[in-house]
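Coordinates in review
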Amino acid sequence: MKVITTHFNADFDCLASMLAAKKLYPDARIVFPGAQEKNVRDFLKASDYSFQFDKLKNISLDEITTLIIVDTRLTGRIGLFESVVKRKGVSVHVYDHHPNTPQDIESEVTVVRERGSTTTIFVELLREKGIPLTPAEATIMALGIYEDTGSLTFTSTRPEDLEASA
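For the structure given in this document, a descriptive report is provided here. (Residues numbered from 1 in each chain as written. Predicted model: local features only at pLDDT ≥ 70, side-chain atom pairs only at ≥ 80, totals over all residues. Heavy atoms only, no water.)

Some points on the nonpolar core
Here is the rule we go by: Take the buried residues of types Ala, Val, Leu, Ile, Met, Phe, Trp, Tyr and Cys, join any two whose side-chain atoms come within 4.5 Å, and each joined set is a nonpolar core. Summary of the burial criterion: residues with accessible area below 20% of their type's maximum are buried, those above 50% are exposed, and those between are partly exposed, where the area comes from a 1.4 Å probe applied to protein chains only. The helix count covers DSSP runs of H or I at least four residues long, the strand count covers runs of E at least two residues long, and both are numbered beginning at the N terminus. Here, residues are in contact when the closest pair of their heavy atoms is within 4.5 Å.
Formed by 29 residues in total, the largest nonpolar core has its most connected members in Ile 4, Leu 15, Ile 68, Val 70, Tyr 95 and Phe 122. Of all elements in the fold, only α1 (12-24), α2 (38-46), β4 (66-70), α4 (118-129) and α5 (135-149) reach the threshold of two or more residues within this core. With eight residues, α1 is the largest single contributor of residues to this core. Apart from the residues within four sequence positions on either side, Leu 15 is in contact with Phe 32, Val 40, Phe 43, Leu 44, Phe 53 and Ile 140. If you look at the next biggest cluster of nonpolar residues, it comprises 15 residues, including Leu 61, Val 85, Val 94 and Ile 105.

A word on α4
Spacing of three or four residues puts side chains on the same side of an α-helix, whose turn is 3.6 residues. Filter applied, for reference: By this rule the span expected of a helix is its residue count minus one, scaled by 1.5 Å.
For α4, which comprises 12 residues, the first-to-last C-alpha distance of 17 Å matches the rise-based estimate of 16 Å (1.5 Å per residue) to within 8%. Counting buried positions along α4 gives nine out of 12 residues, so the element sits mostly inside the fold. Every buried residue of α4 is accounted for by Thr 118, Thr 119, Thr 120, Ile 121, Phe 122, Val 123, Glu 124, Leu 125 and Leu 126. Where α4 is buried, its residues meet α1, β4, β5 (91-96), β6 (109-112), α5 and α6 (159-165). At the exit of α4 stands Gly 130, carrying a positive phi of roughly 70°.

A short note on the packing of aromatic side chains
The condition is simple: Stacked, tilted and edge-to-face are the three classes applied to pairs of Phe, Tyr and Trp rings, where Trp contributes its six-membered ring and a pair requires centres within 6.5 Å; stacked means planes under 30 degrees apart, edge-to-face means over 60, and tilted covers the rest.
Applying the stated rule across the entire model yields six aromatic pairs. Judged by centre distance (5.1 Å) and plane angle (40°), the rings of Phe 32 and Phe 53 are tilted. Of this pair, Phe 32 sits in the loop between β2 (29-31) and α2 while Phe 53 sits in strand β3 (residues 53-54), and the two are 21 residues apart along the sequence. The class for Phe 53 is partly exposed, based on a relative accessible area of 25%. Their ring planes at 35° and their centres at 5.7 Å tell us that Phe 51 and Phe 53 sit as a pair that is tilted. Among the aromatic side chains, those forming a connected cluster through ring pairs are Phe 12, Phe 32, Phe 43, Phe 51 and Phe 53.

Printed below as a string of structure tokens:
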């Protein structure tokens, strides 16, 4: 089984990145490792968008063969999925925009780019592969980029973030 996850207290960059990762891994299941930020929880409750998320309690960690982690590379931020990362035979794929640290998760696939958000990285990958977004998906991607870039005003914002949000 393939699982897409992110860090605790997931923000809109996490949400958007998980949904974008699902476009690259259509047979994967999306699972939050814990709670989401209040604004994300409220959005998910009030939203007309149909999101397919699995609850952690409904996932058998032993059945995970591929773990796709977005917006973090630190085991301490992924909860119970830390045991999956450490298990032999599991393919770990990481997509992140944060600076390297000595504690970064070792992964088979690592896509790290200096961007203001992880969502930007996924928008670039989807464009490279010619994978289209629906208007609803594009809206979620914009929310992810805008949150992590302060609506494109933070000093960490890169030209690629503006291009992706366009």
